[in-house]
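# Observations on chain architecture
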Amino acid sequence: MSTKDFIEKDYYKVLGVPKDATEAEIKKAYRKLAREFHPDANKGNVKAEERFKEISEANDILGDPKKRKEYDEARALFGNGGFRPGPGGAGGNFNFDLGDLFGGNAQSGGGFGGGLGDVFGGLFNRGGATGTGTGTRTQPRRGQDIESEVTLSFTEAIEGATVPLRMSSQAPCKACSGTGDKNGTPRVCPTCVGTGQVARGSGGGFSLTDPCPDCKGRGLIAEHPCLECKGSGRAKSSRTMQVRIPAGVTDGQRIRLRGKGAPGERGGPAGDLYVAVHVGTHPVFGRKDDNLTVTVPVTFTEAALGGEVRVPTLGGPAVTLKLPPGTPNGRTMRARGKGAVRKDGTRGDLLITVEVSVPKDVSGKARDALEAYREATAGEDPRAELFEAAKGD
């Protein structure tokens, strides 16, 4: 995601929430839309897939308090009523790339360089390289963020799992050790003196920056460009990582692993890894928030007379459910602590729904007993109240 998108996209509108929405309201709106537009529920629907990506991107920003604060402040500064890129913007004929103000690191929805503090540092000509000539220090550059996805079984999502992920990203070129020069001796760019940026334009006391046209923002110039990376200092790299997916993840959740993305440049920090999680279904259990659900068939006599019923749990011993006499069909009971793992390490509950099983064929003593029961209850009409209520409307 570009910084331009970061500022111009209205993520509140994407999720359908007001700008003062609480974290709970944002989470609720995201879950509702994610279920509606999830690719698994819209096979082959390209528009739904794009909508799902847009929803996930909005949730990644608004669901993270720090990113949301940066987003709101950036929109206030550069959005309506603030500075705008391009000629004729507020304060004079500014023409600059907002990506430079954010350090050029707004990758895949995460990490915006040094934050808004760097924006103001650039505006007022603060920060950057120190010293001149050979004593100049070039600025470190943060590595790119990486997007990946993983599919887990229902049980793996509940209990957590360690999975291998093969990822491709930009990394320092091995042939030139990331210098971009085949001899390993690049020189500091004389135009930007190693900062990677050049100041231009002014208005109202502000000085704006652009990427240096000579070194393309690297701060270094390779006089003998490396044949492998063409002088960029970066090359495509593939690696396999063992990634731990925490217990209790949900279908469609996006996990951020800090520092697991592409390596940085010149001592800069690594980017982040974003993993989109897909969860399979289970033949017996379902899920409702932090609770697991299961439907248990019981006999008519168990429901009418009461009794004890054994109920399976996910990955653990069965629990005994005590049915009170007269348990109606569809009643839901709770086995505490047998659900999904919460963020604080505790577990949700297992919600057990009773389903009275009616036999298809009844013969012999069972039939005689039911006939006797029908005769004994012939005067009872379970629909009497229904008809009385209908008359009164």
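The structure reproduced in this document is the subject of the present report.

The rules behind each value
Residues numbered from 1 in each chain as written. Predicted model: local features only at pLDDT ≥ 70, side-chain atom pairs only at ≥ 80, totals over all residues. Heavy atoms only, no water. Core = buried A, V, L, I, M, F, W, Y, C linked by side-chain atoms within 4.5 Å. Buried < 20%, exposed > 50% of the residue type's maximum accessible area, 1.4 Å probe, protein only. Helix = DSSP H or I, 4+ residues; strand = E, 2+ residues; numbered from the N terminus. Contact = heavy atoms within 4.5 Å. Pairing = 2+ DSSP bridges. Axes fitted to C-alpha atoms, helices over the stretch in contact; angles between N-to-C directions. Salt bridge = Lys/Arg side-chain N within 4 Å of Asp/Glu carboxyl O. Parallel < 35°, antiparallel > 145°, perpendicular 65-115°, else oblique. Left-handed = near helix turned anticlockwise from the far one by under 90°. Nonpolar A, V, L, I, M, F, W, Y, C, P; charged D, E, K, R; others polar.

This part is about the nonpolar core. Inside soluble globular proteins, nonpolar side chains tend to come together where they are buried. Counting 20 residues, the largest nonpolar core has V294, V311, L321, L323, L350 and I352 as the members making the most contacts within it. Every element with two or more residues in this core is listed here: α8 (154–159), β11 (291–298), β12 (307–313), β13 (316–323), β14 (332–335) and β15 (350–356). With four residues, the top contributor of residues to this core is β11. In contact with I352, other than residues within four places in its own chain, are V294, V296, V311, L321, R331, T332, M333 and A335.

Here four strands make up an open sheet; going across it, the order is β10-β11-β15-β14 and the pairing mixed. Each of the sheet's edge strands pairs with one partner strand only, and the pair in question is β10 (286–288) and β14. On average, adjacent strands in this sheet sit at an angle of 35° to one another, irrespective of strand direction. Of the strand pairs in this sheet, β10 and β11 are connected by three bridges, and their pairing is antiparallel. Residue pairing in the sheet places G286 in a bridge with T293 of β11.

Attention now moves to the pattern of salt bridges. Applying the stated criterion to the full structure yields 18 salt bridges. Note that R51 is salt-bridged to E54, the shortest N-O span being 3.5 Å. Within this pair, R51 and its partner E54 are both found in helix α4 (residues 46–62), separated by three residues, close to a single helical turn. Judged by relative accessible area, which is 33%, E54 ranks as partly exposed. For the salt bridge of E371 with R374, the shortest nitrogen-to-oxygen distance reads 2.8 Å. Taken together, the residues E371 and R374, both in helix α10 (residues 364–376) and three residues apart, mark about one turn of the helix.

At a minimum axis separation of 9 Å, helix α3 (residues 23–37) and α4 run at an interaxial angle of 165°. By the angle class used here, α3 and α4 are roughly antiparallel. Both α3 and α4 take part in a crossing whose hand is left-handed. Mapping the contact onto sequence places I26, Y30, L33, A34 and F37 in α3 and A48, R51, F52, I55, S56, N59 and L62 in α4. Partitioning the contact of α3 with α4 into residue classes produces nine nonpolar, two polar and one charged.

What follows covers the pairing of β14. Side chains M333 and A335 of β14 all project onto a buried face; the interleaved residues T332 and R334 project onto a face where none is buried. Of the pairings in the sheet, the one linking β14 to β15 comprises four bridges and is antiparallel in character. Bridge pairing in β15 links M333 to I352.

A word on unusual backbone geometry. If you check the backbone angles, D289 has positive phi at about 60° while not being a glycine. Along the chain, the position of D289 falls in the loop between β10 and β11.

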